[in-house]
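# Topology and contacts: notes
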Amino acid sequence: DTAVSQTPKYLVTQMGNDKSIKCEQNLGHDTMYWYKQDSKKFLKIMFSYNNKELIINETVPNRFSPKSPDKAHLNLHINSLELGDSAVYFCASSQVAGGPYEQFFGPGTRLTVL
Amino acid sequence: GENVEQHPSTLSVQEGDSAVIKCTYSDSASNYFPWYKQELGKRPQLIIDIRSNVGEKKDQRIAVTLNKTAKHFSLHITETQPEDSAVYFCAAGGWQLTFGSGTQLTVLP
């Protein structure tokens, strides 16, 4: 069974468009995250969402917004896409209350902005 | 916030040799230090982790050491095999992690 899943796997779009990436976890975890991995492989936290508390990395443009319809889902919406948004986006989840903190990653979504 | 530095950025070893990757962190409040392996085109996967109340942990060919005083931790892989070739990331924090910049490990047959 897939623990953390993301859709789509690939996303190619034009500058200025709005797009969404979906993430679901079936591990019963209480915390979910979004990471951006650029072409140099740096893994940078974008958002952490725990018990309805959202922590935003201050460097993330406000064109990016996470939306969590329930504990098992954390979707990423991106408005007015720019060339620099091209990257691989990973969703992850972990159990924070009671531990053990290990983060499980989804398969990633490769976003290409033309 | 937390700052994690990782060295080296690339590492080539002969099959059967050992590989060591080192990381330093800045925030003394960090209490969780995982290591992830990422193969090309795949997701990062946890290979070993250590908490601040433990100095060393071993799992078969992989071991991690933590020096809280010096704020550094290291990954040791013994008897390396070609399938160990991947990018390795250290991370530090708690329920939120800051990742190092990664080490491309190549094991030469």
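Above this note sits the structure.
Residues numbered from 1 in each chain as written. Chains lettered and ligands numbered in written order. Predicted model: local features only at pLDDT ≥ 70, side-chain atom pairs only at ≥ 80, totals over all residues. Heavy atoms only, no water.

### Considerations on the interface of chain B and chain A
Tallying the contact residues gives 17 residues for chain B and 21 residues for chain A. Interface of chain B and chain A: buried area, both sides summed, is about 1,800 Å²; carbon and sulfur atoms make up 59% of it. Among the residues of chain B in contact with chain A, Arg43(B), Trp95(B) and Phe99(B) are the three that bury the most area, contributing 38% of the side total. Taken together, the connections running from chain B to chain A amount to zero salt bridges. Here chain B and chain A share six residue pairs in polar contact (both at pLDDT 80 or more) between them. Every element with two or more residues in the side of chain B that touches chain A is listed here: β4 (32-38), β5 (45-51) and β10 (97-99) of chain B. Class assignment of the residues belonging to the side of chain B that touches chain A gives a composition of nine nonpolar, five polar and three charged. (Contact = heavy atoms within 4.5 Å. Buried area = accessible area lost by both parts, 1.4 Å probe. Salt bridge = Lys/Arg side-chain N within 4 Å of Asp/Glu carboxyl O. Polar contact = N/O pair within 3.5 Å; in protein donor to acceptor, adjacent residues only side chain to side chain. Helix = DSSP H or I, 4+ residues; strand = E, 2+ residues; numbered from the N terminus. Nonpolar A, V, L, I, M, F, W, Y, C, P; charged D, E, K, R; others polar.)

### Quick look at the sheet that holds strand β8 (residues 73-78) of chain A
Pairing between the strands of a sheet comes from backbone hydrogen bonds, and it takes one of two forms, parallel or antiparallel. All names here are of chain A. Within the open sheet, the four strands sit side by side as β1-β3-β8-β7. Their pairing is antiparallel. In this open sheet, the two edge strands, each paired with only one partner strand, are β1 (4-7) and β7 (64-70). Pairs of neighbouring strands in the sheet enclose a mean axial angle of 20 degrees, with direction left out of account. Of the strand pairs in this sheet, strand β3 (residues 19-25) and β8 are connected by four bridges, and their pairing is antiparallel. (Pairing = 2+ DSSP bridges. Axes fitted to C-alpha atoms, helices over the stretch in contact; angles between N-to-C directions.)

### Here we look at a positive patch on the surface
Where like charges cluster on the molecular surface, the positive patch consists of Lys9(A), Lys41(A), Arg110(A) and Lys42(B). Among the structural elements, Lys41(A) can be located in the loop between β4 (31-37) and β5 (43-50). A relative accessible area of 30% means that Lys41(A) is categorised as partly exposed. (Patch = residues over 30% accessible without salt bridge, like charges linked within 9 Å, V, L, I, M, F, W, Y side chains within 5 Å. Areas by Shrake-Rupley, 256 points an atom, 1.4 Å probe, with all protein chains shown as cover. Lys, Arg positive; Asp, Glu negative; His and termini not counted. Charge placed at Lys NZ, Arg CZ, Asp CG, Glu CD. Buried < 20%, exposed > 50% of the residue type's maximum accessible area, 1.4 Å probe, protein only.)

### Comments concerning the nonpolar core
With 23 residues, the main nonpolar core has Trp35(B), Phe73(B), Leu75(B) and Leu105(B) as its most contacted residues. Counting 19 residues, the second largest nonpolar core, distinct from the first, contains Trp34(A), Phe47(A), Leu76(A) and Ile78(A). (Core = buried A, V, L, I, M, F, W, Y, C linked by side-chain atoms within 4.5 Å.)

### Points about the pattern of salt bridges
If charged atoms from side chains of opposite charge come close, those side chains can pair. Counted according to the given criterion, the structure contains five salt bridges over all chains. Here Arg61(B) and Asp84(B) are joined by a salt bridge, their closest N and O atoms 2.9 Å apart. With Arg61(B) in the loop between β6 (56-59) and β7 (62-67) and Asp84(B) in the loop between β8 (72-77) and β9 (86-93), this pair connects stretches of sequence that are 23 residues apart. Asp84(B) sits in the buried class, given a relative accessible area of 6%. Shared partners join several salt bridges into a network, and the residues in it are Arg63(A), Glu82(A) and Asp85(A).

### Quick word on the state of the cysteines
Enumeration according to the criterion identifies two disulfides over all chains in this entry. The side chain of Cys23(A) participates in a disulfide bridge whose partner is Cys91(A); the two sulfur atoms lie 1.8 Å from each other. The sign of the S-S torsion, about -75 degrees, decides the handedness of the disulfide formed by Cys23(A) and Cys91(A): left-handed. With Cys23(A) in strand β3 and Cys91(A) in strand β9 (residues 87-94), the pair connects residues that are 68 residues apart, well separated along the chain. Cys91(A) gets classed as buried once you look at its relative accessible area, which sits at 0%. Here Cys23(B) pairs with Cys90(B) through a disulfide, and the sulfurs are 2.0 Å apart. One quick way to see it: the torsion about the S-S bond of Cys23(B) and Cys90(B) is about -100 degrees, and its sign makes the bridge left-handed. (Disulfide = S-S within 2.5 Å.)

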